[in-house]
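# Report on the structure
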Amino acid sequence: MNQLTSSDVHSHIVIGGGISGLGAAFFASRAGTPSLVLEQDDRVGGCMNTRSFAGLEDFWVEAGSHSCFNSYGHLLTIMEEIGTLGQIQAKAKASYRLWRSSKRVSILSALHPLELIASLPRLRKLDKEALSVREYYGQGLGRKNYNDLFGPAFRSVICQTADDYPAAALFRKKPRRKDVLRSFTLPSGLAEIPQALAQSKGIEVRLGAVVDALSPDAGGYRIELTSGETLRAERVTLAVPPDVATRLLQQVAPAAARATGRIGVAEIDSLLLAFDRKDLNLPRMAGLISVDGPFLSAVSRDFLDHPRYRGFAFHFPGGRLEAEGQIAAACQALDVAPAKVAAVRHERNRLPSLRKGHWDLVVELDQALASASGSSMAVTGNWFLGVSIEDCLTRSHSEMTRLFGRF
Ligand SMILES: Cc1cc2nc3c(=O)[nH]c(=O)nc-3n(C[C@H](O)[C@H](O)[C@H](O)COP(=O)(O)OP(=O)(O)OC[C@H]3O[C@@H](n4cnc5c(N)ncnc54)[C@H](O)[C@@H]3O)c2cc1C
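Values in this document were obtained by computation on a predicted structure and should not be read as measured data.

## What about the domain arrangement of the chain?
Taken domain by domain, the chain holds domain 1 (9-46 + 188-263 + 355-404) and domain 2 (108-170). Contact with domain 1, which involves eight residues of that partner, is made by 11 residues of domain 2. Buried surface at the junction of domain 1 and domain 2, both sides included, amounts to about 760 Å², of which 53% is carbon and sulfur. Of all residues in domain 1, the largest losses of buried area upon contact with domain 2 belong to Arg 355, Lys 356 and Trp 359, amounting jointly to 75% of the total for that side. Summed over the shared surface of domain 1 and domain 2, the number is one salt bridge. Of the charged contacts, one joins Lys 356 and Glu 135 as a salt bridge, the two residues approaching to 3.0 Å between their closest N and O atoms. The interface formed by domain 1 and domain 2 contains three residue pairs in polar contact (both at pLDDT 80 or more). The class makeup of the residues in the side of domain 1 that touches domain 2 is three nonpolar, two polar and three charged.

Given below as structure tokens:
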């Protein structure tokens, strides 16, 4: 990695090295503009966070995203170019179970089939773009089905209550590429993707670079790091969570900052557990959807067999339960004594809390951004179209087209 001096003026600096930021840097480089990515952490990837455990050979668990699909068009194009598409691995089939009244039960046990049959014809007539998740799926799948099954299932997808979330942001229909596995991972987990992206041509990454402030500077931008270093750039892309974007936009686009300031962020405590296979008496499963437990969801690593270990990521509402309480709750759900845990890790995840009316807010933000910065600043992330990896990349692609023209 190059050492920069304060006199350097970069063509394009991206703040945030998650998939949105790395994707933006990738598209900018394809448009002929090299990019410097500033990432506060000691690794790239943000929520694409595959973690291994000291002393457990090559065993890993996904602390964040765990599945990519053949409907992720931008992602597939990127993976083709950076050489990771050829390595994708099919995920073994397994079902989710519900965690209800301190028991693991089948998904079907919570379904009200007659209500579903009576409600489904309504679903097609409802305006998904205008309704919240609760309004849309509550009417279209039935109130009891929503409360007992689908509400908890959607909550487990976004690790927070889904009731007020915009229905269209939860699942977007996207064309599938039939030549690619429907759902896949990579041999060393999904973090291989951001890691490979960070090494690709036209992208330079600086880790441990915490951006503290952003201000206008002679037609470009001045970026201050908490280390005291100052960088300059002709163009800047923000690819950070909405609360960080709000702070960084204050001086350069105050009206845009007012819009982003209305987007909340859910804090998530993620507990990663590894077990020796022989210590778990549990059938293969995809994970747990919690109906009334202290955790929101659990995702297993059973989709890719390991000869010796099994692993799980349990996601809890942030700051509610101490480490010991988390481990006790997870072990109860897995029917195993805490003493059998072979390794443990704690991670923090953050996801945006989008609300009904979000699309108006994005229009307001985009207008404020365009009038304050023309085409010299972009904002991307998982808080525009939705939280999926492909939603992030779709926004990054359209923002880079706005900044650099068609490529
Ligand atoms: C538990 C969980 C499971 C998920 N499962 C899936 C899944 O299976 N499939 C799927 O498609 N999606 C999934 N998602 C969603 C998806 O992973 C995320 O929405 C996406 O990775 C977010 O990418 P991002 O770059 O927008 O944000 P982030 O990943 O949050 O990246 C933002 C980056 O900005 C950095 N940053 C913040 N502030 C600063 C600063 N001041 N200076 C410098 N850097 C800064 C952060 O350190 C971070 O690296 C999941 C998410 C979670 C949490």
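## Concerning the sheet that holds strand β18 (residues 341-353)
With respect to topology, seven strands assemble into an open sheet ordered β8-β7-β15-β16-β17-β14-β18, the strand pairing being mixed. Either end of the sheet is taken by a strand with one partner, and the two such strands are β8 (103-105) and β18. Averaged over all pairs of adjacent strands, the angle between their axes in this sheet comes to 25°, without regard to strand direction. Where strand β14 (residues 264-276) meets β18, 12 bridges bridge the pair, whose relative direction is antiparallel. Residue pairing for β18: Ala 274 is matched across the bridge by Ala 343. Lying over the sheet, helix α5 (residues 143-158) contacts β7 (96-100), β15 (287-290), β16 (297-300) and β18, oriented at roughly 115° with respect to β15.

## Description of unusual backbone geometry
Phi at Ser 102 takes a positive value of approximately 60°, unusual for a residue other than glycine. Mapped onto the elements of the fold, Ser 102 is located in the loop between β7 and β8. Taking relative accessible area as the criterion, Ser 102 reaches 47% and is therefore assigned partly exposed. Its identity as a non-glycine residue notwithstanding, Cys 159 has a phi of 55°, on the positive side.

## Focus: the packing of helix α2 (residues 73-82) against helix α12 (residues 389-404)
Contact geometry of α2 with α12 gives a least axis separation of 7 Å together with a crossing angle of 80°. In terms of axis orientation, α2 runs roughly perpendicular to α12. Mapping the contact onto sequence places Gly 73, His 74, Leu 75 and Ile 78 in α2 and Ile 389, Glu 390, Leu 393, Thr 394 and His 397 in α12. Residue classes in the contact of α2 with α12 are distributed as four nonpolar, four polar and one charged.

## A look at a positive patch on the surface
Positive charge collects at one region of the surface, where Lys 93, Lys 173, Arg 176, Lys 178 and Arg 182 lie side by side. On the secondary structure map, Arg 176 appears in the loop between α6 (167-170) and β9 (183-185). Of the residues examined, Arg 176 reaches a relative accessible area of 36% and is grouped as partly exposed.

## What to know about the UniProt feature "domain: Amine oxidase" (unreviewed entry) in the chain
Taking the numbering used here, the UniProt-annotated feature "domain: Amine oxidase" (unreviewed entry) corresponds to residues 19-279. Between the C-alpha atoms that bound residues 19-279 there is a distance of 36 Å. The span itself is 32% helix and 25% strand.

## Some words on the pattern of salt bridges
For the structure on display, the rule yields 28 salt bridges. The closest approach of N and O atoms between Arg 177 and Asp 179, which form a salt bridge, is 2.9 Å. A residue is classified by how much of its surface remains accessible, and Arg 177, at 25% relative accessible area, is partly exposed. A relative accessible area of 59% means that Asp 179 is categorised as exposed. Here Asp 279 ties to Lys 340 by a salt bridge, and the two come within 4.0 Å at their closest N and O atoms. Taken together, the residues Asp 279 in the loop between β14 and β15 and Lys 340 in the loop between α10 (323-334) and β18 connect sequence positions 61 residues apart. One continuous salt-bridge network, built from bridges that share partners, spans Glu 57, Asp 276, Lys 278, Asp 279, Arg 308 and Lys 340.

## Topic: the environment of Leu 271
For Leu 271, the position within the fold is in strand β14. Leu 271 gets classed as buried once you look at its relative accessible area, which sits at 0%. Sequence separation between Leu 271 and Thr 161 is 110 residues, and the spatial gap between their C-alpha atoms is 19 Å.

What counts and what doesn't
Residues numbered from 1 in each chain as written. Predicted model: local features only at pLDDT ≥ 70, side-chain atom pairs only at ≥ 80, totals over all residues. Heavy atoms only, no water. Domains from an automatic or database assignment. Contact = heavy atoms within 4.5 Å. Buried area = accessible area lost by both parts, 1.4 Å probe. Salt bridge = Lys/Arg side-chain N within 4 Å of Asp/Glu carboxyl O. Polar contact = N/O pair within 3.5 Å; in protein donor to acceptor, adjacent residues only side chain to side chain. Nonpolar A, V, L, I, M, F, W, Y, C, P; charged D, E, K, R; others polar. Pairing = 2+ DSSP bridges. Helix = DSSP H or I, 4+ residues; strand = E, 2+ residues; numbered from the N terminus. Axes fitted to C-alpha atoms, helices over the stretch in contact; angles between N-to-C directions. Buried < 20%, exposed > 50% of the residue type's maximum accessible area, 1.4 Å probe, protein only. Parallel < 35°, antiparallel > 145°, perpendicular 65-115°, else oblique. Patch = residues over 30% accessible without salt bridge, like charges linked within 9 Å, V, L, I, M, F, W, Y side chains within 5 Å. Areas by Shrake-Rupley, 256 points an atom, 1.4 Å probe, with all protein chains shown as cover. Lys, Arg positive; Asp, Glu negative; His and termini not counted. Charge placed at Lys NZ, Arg CZ, Asp CG, Glu CD. UniProt positions renumbered as here; feature names shortened; annotations may be inferred.

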